[in-house]
Amino acid sequence: MALQAAGKPFGTVFTPAMLTASYAPQDGWGGAVLQPRGALRLDPATMALHYGQTAFEGLMAYRQPDGRLAFFRARDYASRLIHSCSRMAIPPILETHSIELWRQFARHELPHLPESSDFALYLRPLVFGCDAAFGDRPSTCYQLLVQGVVVDLAERARQRPLEVLITDQFVRAAPSGVGAAKVPGNYGAAMLARQAARDAGCDQVLWLDAGRRRWVEELGSMNVAFVISEVLVTPPLTDTILAGVTRQTVLTLAAEAGLEFEERPIALEEITAAMSWKGLTEAIGCGTAAGLVSIGAFHIGERRLSLPAATPVADRLRGLLRDHQGGRIEDSRGWLTAV
């Protein structure tokens, strides 16, 4: 039976099952077990709880014109999970193995996804060290957990432009750290800044570099891009910025659409100056869960710097992205993986 997900916030409508798999040094990653979603039985000394040796991913499966379900860029998400696991000294799961486990889970949960293309299935694979011991060393045993939520794409499309706080009091990641990996610690360390943003009436935080607090890096848990003098500009990937799959897709689609774009460092003063002379016409956040979301204003201290209400570049890219995800454009790049 399909779940009632219309109008529900992202991440709240869980499908009824979960998939687990385990790693042991002598056996490697074993087979998967599908079971009803429920509480985990963990030892109180489970190392992931105490030392944070954990990595995760998030990917989406979309309804296609023939009614079937397909993952969007599954190989890229599986590859990024390998990178994140490797950075956390976790034995990685082979790309093909990950995708097969995700397909197995998605096929099992498919009856709970509404048939309308307005809904998608979001998967959250999580890998964590499960040794029961105190000691700051890599675990020897690991567990994979895959959960799913139903996403109302129509509700996501109605999201209002974001109010964004720019602050130099907090940083997301430092050079040579784990900023380029998808690990819970990055998000936990951001909570205080997110609270400050909420207290200021904002939705997100624009992260600046750890050294000079000058160079733009990310937008909350999303990548960020700006339209400056009709050019789409985004910061280049470094070891402090997550290599967003949606970000890379947007750049590919921009080139396909004949939009000029640049990957280059962007200083905060360039943003504020371009806003003062009206050269910055759009700012966009992009991520798997959020899709493409426009920024309505930046808050710096007591100032609120608003952006134009019209967002033609974001609207065009958003439409192209959704058409590719939904299989309404020929999949010449092999981005879709049938469930």
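Moving on, we come to the state of the cysteines. A complete count under the given rule lists 0 disulfides for this structure. The structure places no disulfide on Cys85, whose sulfur is separated from the nearest cysteine sulfur, that of Cys130, by 13 Å. Classification of Cys85 by relative accessible area gives buried; the value is 0%. Not part of a disulfide, Cys202 finds its nearest cysteine sulfur in Cys286, a span of 20 Å. Judged by relative accessible area, which is 5%, Cys202 ranks as buried.

Look at helix α2 (residues 74–87) against helix α3 (residues 95–109): their axes get within 9 Å of each other, and the N-to-C directions meet at 120 degrees. It follows from the interaxial angle that α2 and α3 lie oblique. The handedness of the crossing between α2 and α3 is right-handed. Within the contact between the two elements, α2 uses Ala74, Arg75, Tyr77, Ala78, Ser79, Leu81 and Ile82 and α3 uses Glu95, Ser98, Ile99 and Trp102. In terms of residue class, the contact of α2 with α3 is built from 7 nonpolar, 2 polar and 2 charged.

You will see that Ala89, though not glycine, has its phi angle at about 60 degrees, which is positive. Mapped onto the fold, Ala89 is located in the loop between α2 and α3. Its identity as a non-glycine residue notwithstanding, Ser176 has a phi of 70 degrees, on the positive side. Along the chain, the position of Ser176 falls in the loop between β9 (162–166) and α5 (184–188). In this structure Ser176 comes out as exposed when scored by relative accessible area, which is 61%.

What the rule picks out here adds up to 6 aromatic pairs. On the basis of an interplanar angle of 55 degrees and a centroid distance of 5.6 Å, the ring pair of Tyr23 and Trp29 is categorised as tilted. Judged by relative accessible area, Tyr23 falls into the buried class, the value being 18%. Among the aromatic residues, those joined into a ring-pair cluster are Tyr23, Trp29 and Tyr142. Stacked on the ring of Phe14, the Lys or Arg Arg37 has its end atom at 3.8 Å from the ring centre.

Reading the values: rules and limits
Residues numbered from 1 in each chain as written. Predicted model: local features only at pLDDT ≥ 70, side-chain atom pairs only at ≥ 80, totals over all residues. Heavy atoms only, no water. Disulfide = S-S within 2.5 Å. Buried < 20%, exposed > 50% of the residue type's maximum accessible area, 1.4 Å probe, protein only. Axes fitted to C-alpha atoms, helices over the stretch in contact; angles between N-to-C directions. Helix = DSSP H or I, 4+ residues; strand = E, 2+ residues; numbered from the N terminus. Parallel < 35°, antiparallel > 145°, perpendicular 65-115°, else oblique. Left-handed = near helix turned anticlockwise from the far one by under 90°. Contact = heavy atoms within 4.5 Å. Nonpolar A, V, L, I, M, F, W, Y, C, P; charged D, E, K, R; others polar. Phe/Tyr/Trp six-rings, centres within 6.5 Å; stacked < 30°, edge-to-face > 60°. Lys NZ or Arg CZ within 6 Å of the ring centre and 35° of its normal.

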